[in-house]
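# Fold and contact review
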Amino acid sequence: MTVLRFRVHRRPLLTVGLVVAVLVLWTLMFTPRAHAAWGGRIGYAVGGHTIGTMRPPGYGEQVVCIDSRNDLPSSATGGVSHRDPGIAYVITTYSQTTDPDLAGAVAYFVKKRLDSSWAAFEKAFSGLPKATQDSIMTHERRLEDEAAKLSAPFVAALTLRQTSPGAGVVEGVGVRGAGGGPLAGVGLSLVLSGGAVWDDNGTPTLTLKSTTSGRSLAWHASAAGEVSVSASAKNLPGDAVQIHPAPQAGEQRVVTQGALSSAHGTSNVVALGVRPSYSSQVDHPIAAVGEALSDAVSVTDALPGGPLRVTTTFYGPLASCPEVPVATPPKDAPVFEAVTHDITIGADGKGTARFLSSLPVKAAGCYIGVESNATSGLTLAAAGTYGRPSETSLRFVLPTLATAVSNRSIAPGAEVSDAVTITGVTDFLRLVPKGSASLSIGLSGPVAVNGSSCPDATGFAKAAVVGVPQAVAVTADGTLTGVAPGRPAGAGCYSYGGDMRLLAPDGTVLATVNHAPGQASESFLVTAPVAPTSPPPAPKRAILSGAADLPPAEAAIGACLSGVGALVGLGGWAWVTRTRRRAS
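These remarks concern the structure in this document. Small disclaimer: the values here were computed from a predicted structure and weren't measured.

## Quick word on the environment of serine 390
Within the secondary structure, serine 390 is located in the loop between strand E25 (382–383) and strand E26 (392–396). The class of serine 390 is partly exposed, set by a relative accessible area of 22%. Once the C-alpha coordinates of serine 390 and serine 280 are considered, the two residues, 110 residues apart in sequence, prove to be 6.2 Å apart. Setting aside chain neighbours within four positions, we find serine 390 in contact with Ser280, Gln281 and Val282. A distance of 2.9 Å separates the side chain of serine 390 from the backbone oxygen of serine 280, its partner in a polar contact.

## Some thoughts on the layout of surface pockets
For the largest pocket, the calculated volume is near 460 Å³. Taken together, 22 residues form the lining of the largest pocket, with Pro285, Ile286, Leu394, Val432 and Pro505 sitting closest to its centre. Breaking the lining of the largest pocket down by element, the ones donating at least two residues are strand E19 (286–288), E26 and strand E34 (509–515).

## Observations concerning the sheet that holds strand E4 (residues 64–65)
Ordered in space as E4-E15-E14-E5, the 4 strands form an open sheet in which the pairing is antiparallel. Two strands lie at the open edges of the sheet, namely E4 and strand E5 (80–83), each paired on one side alone. Here strand E14 (residues 240–244) runs beside strand E15 (residues 254–257); their pairing, made up of 4 bridges, is antiparallel. For glutamine 242, the partnering residue across the bridge sits in E15 and is threonine 256.

## Here's the deal with the packing of helix H2 (residues 85–94) against helix H5 (residues 130–150)
Two numbers describe how H2 lies on H5: the axes approach to 9 Å, and their chain directions differ by 115°. As for the relative orientation of H2 and H5, their crossing is right-handed in sense. Contacts from Gly86, Tyr89, Val90 and Tyr94 in H2 reach Arg142, Leu143, Glu146, Ala147 and Leu150 in H5.

## Observations concerning the packing of helix H3 (residues 100–114) against H5
Packed helices, taken two at a time, are described by the angle between their axes plus the distance between the axes. Close contact between H3 and H5 brings their axes to 8 Å; oriented N to C, the two are set at 60°. Viewed along their axes, H3 and H5 adopt a mutual orientation that is oblique. Here H3 runs over H5; the crossing is right-handed. Within the contact between the two elements, H3 uses Asp101, Leu102, Gly104, Ala105, Val106, Tyr108, Phe109, Lys112 and Arg113 and H5 uses Thr132, Ser135, Ile136, Met137, His139, Glu140, Arg142, Leu143, Glu144 and Ala147.

## Regarding empty space enclosed by the protein
If a probe the size of a water molecule is rolled over the atoms, the empty space left behind becomes visible. Inspection of every chain in the model, using the stated rule, returns 1 cavity of 30 Å³ or more. Roughly 50 Å³ of internal volume is contained in the largest cavity. The wall of the largest cavity is formed by Val282, Leu293, Ser294, Phe314, Tyr367, Ile368, Gly369, Glu391, Ser393 and Arg395. Put simply, the parts of the chain that give the lining of the largest cavity at least two residues each are strand E20 (292–300), strand E24 (365–373) and E26. At 3 residues, the largest contribution of residues to the lining of the largest cavity is made by E24. A class-by-class count of the residues in the lining of the largest cavity yields 5 nonpolar, 3 polar and 2 charged.

## Considering the nonpolar core
Counting residues in hydrophobic clusters, the biggest one holds 60 residues, and the most contacted among them are Val110, Val175, Trp198 and Trp219. Among the elements that take part in this core, H3 stands out by supplying 8 residues, more than any other. The next biggest cluster of nonpolar side chains, apart from the first, holds 39 residues, and it includes Tyr386, Leu429, Ile441 and Tyr496.

## Quick notes on the pairing of strand E12 (residues 215–220)
Two strands pair when backbone bridges link them, and strand E7 (residues 167–176) and E12 are joined in this way by 5 bridges, in the antiparallel orientation. Looking at the pairing, glycine 168 lines up with tryptophan 219 of E12. Sheet topology places strand E10 (residues 197–198) next to E12; 2 bridges connect them, and they run antiparallel. Across the sheet, tryptophan 198 pairs through a bridge with tryptophan 219, a residue of E12.

So, how was this worked out
By convention here, each chain's residues receive numbers from 1 onward along its written sequence. This being a predicted model, a pLDDT of at least 70 is required before a residue's local features are given, and a value of 80 or more before pairs of side-chain atoms are given or counted; all residues contribute to the totals for chains, interfaces and linings. Side-chain measures here rest on the full set of heavy atoms in the structure, leaving out hydrogens and waters. Per the convention used, a helix needs a DSSP run of H or I reaching at least four residues, while a strand needs a run of E reaching at least two, with both numbered from the N terminus. Only protein chains enter the area calculation, which uses a 1.4 Å probe; residues under 20% of their type maximum are buried, those over 50% are exposed, and those in between are partly exposed. Whether two residues are in contact is decided by their heavy atoms: any pair within 4.5 Å suffices. Under the rule applied, a polar contact is a pair of N or O atoms within 3.5 Å (in protein, one hydrogen donor and one hydrogen acceptor; residues adjacent in sequence only if both atoms are side-chain atoms). Using protein atoms alone on a 1 Å grid, points that fit a 1.4 Å probe yet trap it form a cavity, whereas open point sets bounded by protein on both sides within 12 Å along at least five of seven lines form a pocket; residues with an atom within 4 Å of a point count as lining. Grid points are joined across faces, edges and corners, and a volume is the space filled by probe spheres set on the points. Think of it this way: DSSP has to see at least two bridges between two strands before they count as a pair. Here the axes come from fitting lines to C-alpha atoms, over the contacting stretch only for helices, and the angles between their N-to-C directions go from 0 to 180 degrees. For a crossing to be left-handed, the near helix must be turned anticlockwise from the far one by less than a right angle; the clockwise case is right-handed. An angle counts as roughly parallel when it lies under 35 degrees, as roughly antiparallel when it exceeds 145, as roughly perpendicular when it falls between 65 and 115, and as oblique in every other case. Following the grouping adopted for this structure description, the nonpolar residues are Ala, Val, Leu, Ile, Met, Phe, Trp, Tyr, Cys and Pro, the charged ones are Asp, Glu, Lys and Arg, and the polar ones are all others, Gly among them. Residues grouped as a nonpolar core are buried Ala, Val, Leu, Ile, Met, Phe, Trp, Tyr and Cys residues, joined through side-chain atoms within 4.5 Å.

Pasting the structure below:
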């Protein structure tokens, strides 16, 4: 039996082993592989290059190396701040990812800007499979877009809007980067001022996460005031990174996160609350003293549902009314009376009420009403203007008339007239410069004599008017004479009377001062001639004197009477003579 023996040559076997080992090493060095935790690396290793992040000795976070031709750093060094908001955003936001493709995109983004051996990195990157390259570049393009829109500095965006008298919304709540892009998932703290609270929790403070679309949040308040909201966010990417120098020559520098930043924002200010508006109209713009002041007040723009407590303050008396309305009453304006009412306000924010003074006006002058309300709840303080014509009332004292007839007793057909003394017109025309006064005086009668005098006004109540009353324009106080002259023919009592009308500038009769006939000073008597009951005796001088001095008829009668007297006288004389003779 033949036994075959094989000799094993040790050197060829060693040579084969070395070749296999070299092939394995070559494969490890130049075949792309994903590393989940190879020296803290996240990404891909190609030809001794890492396309991703790593964690060298001494670092507590994933970093990006930026000298691709050099060795890994053997230890950590202190960082130097380098301002680049885009890199800061990417490093802060994505450097700690465990996704190899995203980690590769982070490295690509950073190295493109900072790597001293960018060409070496590009060559290594080209050794990745096409699908891996495409995935990494898709991520990288997204990082480019985000860095342009979302890098520091940041602002907390929000807009305050009032939706009703006591409520509103904050719109567009979020965080925006320098490029205007919204950051999602950022913790925001919102604080309302001015007594307003959030509908969500009933407090002025609210914490939430931002969204890319912005949030809308409702709030409300129970009192008037200025409302605003402030917002803040922390732990946002800064505008710089830390570049750590190489610990030894030939080793790489690394990039880590920089200081974080924050965002702040303050909204516009909303003047919360309702400020009513007023209009008014006095019942009597011009009137005589003695009546109360009355003002009809209308409210608009008030808080629906009321009531609204309103006070009308009447100022006066003033010597004259203001020529131009002013916002507030003068400090020295006298207060006549203040009247307060609760006005019911409808759903349209409107209401009306009438304000009447409890005191009658006793002094002439100008009186002004001003409406006002105090701040209460959501109602803001408001007041009307001082001196508006619609809320101004002129009050005057009624003038007086006094008359005196020119003659208390006249014969039928004799002329008579009246004298009228007027007071108070001057003051009226001072208060109402464009007003006027008109006097009308006439004669009434005749009426029967009451005993030996004329009756009073009652007796003249139904007396007829003689002729047409005379109208006289009165421009000042004083005495007018020769008014309403007349020549009454019928016997009896007569009296003057009439009235004076006070007119507004538009001709409206404001007041009438009546002066009825029948007062003693304006009454007079017309007496008729008395018929004789027997012929009057002839004067003795006419009988004894010659006829030449008398009219023809009387002379004849006188001559006749003279002859008779002569005869009688002669007869008597003869009788006397005879008698005397007999006695002797």
